[in-house]
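Chain by chain, the residues:
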Amino acid sequence: SQLAEENLWALSVHEGESVTVNCSYKTSITALQWYRQKSGEGPAQLILIRSNEREKRNGRLRATLDTSSQSSSLSITATRCEDTAVYFCATDTNAYKVIFGKGTHLHVLP
Amino acid sequence: EAGVTQSPRYAVLQEGQAVSFWCDPISGHDTLYWYQQPRDQGPQLLVYFRDEAVIDNSQLPSDRFSAVRPKGTNSTLKIQSAKQGDTATYLCASSSTGGESDTQYFGPGTRLLVL
């Protein structure tokens, strides 16, 4: 069963615009992670936000976590063509086992 | 620092054939994971090790899949008698316990096509 799920299959924006990817999850978590996977590569962690945190930033990336609604968002500002990738949210239910969603395909157009 | 390396990068098999995938984790990482990623889906955990011990293999189809990490460093994932449903990318990841972050570092994956 899918414990974490991104809300949209695909999104497209133009370079320079901002975009938000949303995720909902179904279980109690210790943390939620956002990953990016470019074509032909393995996933790379972008942000890890723990269950007692509400917001975390990493450069142009901002993640939020709402444990009451069991939801999270990842926002990217000033998008670039190289941000084109699949974005996954993943739940930590214990320290070392992570469950991935199906991903949102983001296309950043020139 | 070298990342996680995997080989081969691609494999094409007929149904019923066997294949092995090899993973070299980041040096010093004690935890190693194998994931299966079907096309257009997220990675799904198959098995993970702490050093040489299997911690969780509950999602590993034990009749045809096996994984070992004999010296707690490199690991091999083997599929006996592959099926078309095994077509996917097989990802290896590693992490280090005891640190502040639970970050898993992924290799580039092995793309398997079973005809």
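None of the values given here were measured: they were computed from a predicted structure.

1. Points about the state of the cysteines
Taken as a whole, this structure holds two disulfides over all chains when the rule is applied. Between the sulfur atoms of A:C23 and its disulfide partner A:C89 the distance amounts to 2.0 Å. Negative torsions about the S-S bond denote left-handed disulfides, and the value of about 75° found for A:C23 with A:C89 makes this one right-handed. Of this pair, A:C23 sits in strand β3 (residues 19-25) while A:C89 sits in strand β9 (residues 85-94), and the two are 66 residues apart along the sequence. For the residue pair A:C23 and A:C89, the accessibility class agrees, reading buried in each case. Here B:C23 connects covalently by a disulfide to B:C92, the sulfurs 1.9 Å from one another.

2. Focus: the interface of chain A and chain B
Taken residue by residue, the interface counts 21 residues in chain A and 26 residues in chain B. Contact between chain A and chain B buries roughly 1800 Å² in total, counting both sides, with carbon and sulfur atoms accounting for 48%. The interface formed by chain A and chain B holds zero salt bridges in total. Run the count over chain A and chain B and you get three residue pairs in polar contact (both at pLDDT 80 or more). Those elements that provide at least two residues to the side of chain A that touches chain B are β4 (31-37), β5 (44-50), β9 and β10 (97-100) of chain A. Its residues assigned to classes, the side of chain A that touches chain B shows nine nonpolar, seven polar and five charged.

3. Notes on the confidence of the model for chain A
Keep in mind that low pLDDT regions are not for reading the predicted coordinates in detail. Predicted confidence across chain A gives a mean pLDDT of 91, with 95% of residues reaching 70 or more. In the model of chain A, strand β1 (residues 4-6) of chain A stands out as the element of lowest mean pLDDT, 78, in contrast to strand β7 (residues 61-66) of chain A, which has the highest, 98.

4. Focus on the sheet that holds β1(A)
All names here are of chain A. Strand order in this open sheet of five strands is β1-β3-β8-β7-β6, and the pairing throughout is antiparallel. Looking at the sheet topology across the chains shown, the edges are occupied by β1 and β6 (55-58). Neighbour-to-neighbour, the strand axes of this sheet turn through a mean angle of 20°, independent of strand direction. Relative to strand β8 (residues 71-76), β7 runs antiparallel, the two being bridged by six bridges. Bridge pairing in β8 links T64 to S73.

5. Digging into the packing of aromatic side chains
Each aromatic ring pair is described using two quantities: the centre-to-centre distance and the angle formed by the ring planes. Residue and element names in this part refer to chain B. Overall, the coordinates contain 10 aromatic pairs over all chains when judged by the stated rule. Judged by centre distance (5.2 Å) and plane angle (20°), the rings of Y33 and Y48 are stacked. Of this pair, Y33 sits in strand β4 (residues 31-37) while Y48 sits in strand β5 (residues 44-50), and the two are 15 residues apart along the sequence. Accessibility expressed as a relative area gives 0% for Y33, which makes it buried. For Y48, a relative accessible area of 6% gives the class buried.

Definitions and cut-offs
- Residues numbered from 1 in each chain as written.
- Chains lettered and ligands numbered in written order.
- Predicted model: local features only at pLDDT ≥ 70, side-chain atom pairs only at ≥ 80, totals over all residues.
- Heavy atoms only, no water.
- Disulfide = S-S within 2.5 Å.
- Helix = DSSP H or I, 4+ residues; strand = E, 2+ residues; numbered from the N terminus.
- Buried < 20%, exposed > 50% of the residue type's maximum accessible area, 1.4 Å probe, protein only.
- Contact = heavy atoms within 4.5 Å.
- Buried area = accessible area lost by both parts, 1.4 Å probe.
- Salt bridge = Lys/Arg side-chain N within 4 Å of Asp/Glu carboxyl O.
- Polar contact = N/O pair within 3.5 Å; in protein donor to acceptor, adjacent residues only side chain to side chain.
- Nonpolar A, V, L, I, M, F, W, Y, C, P; charged D, E, K, R; others polar.
- pLDDT = per-residue confidence, 0-100.
- Pairing = 2+ DSSP bridges.
- Axes fitted to C-alpha atoms, helices over the stretch in contact; angles between N-to-C directions.
- Phe/Tyr/Trp six-rings, centres within 6.5 Å; stacked < 30°, edge-to-face > 60°.

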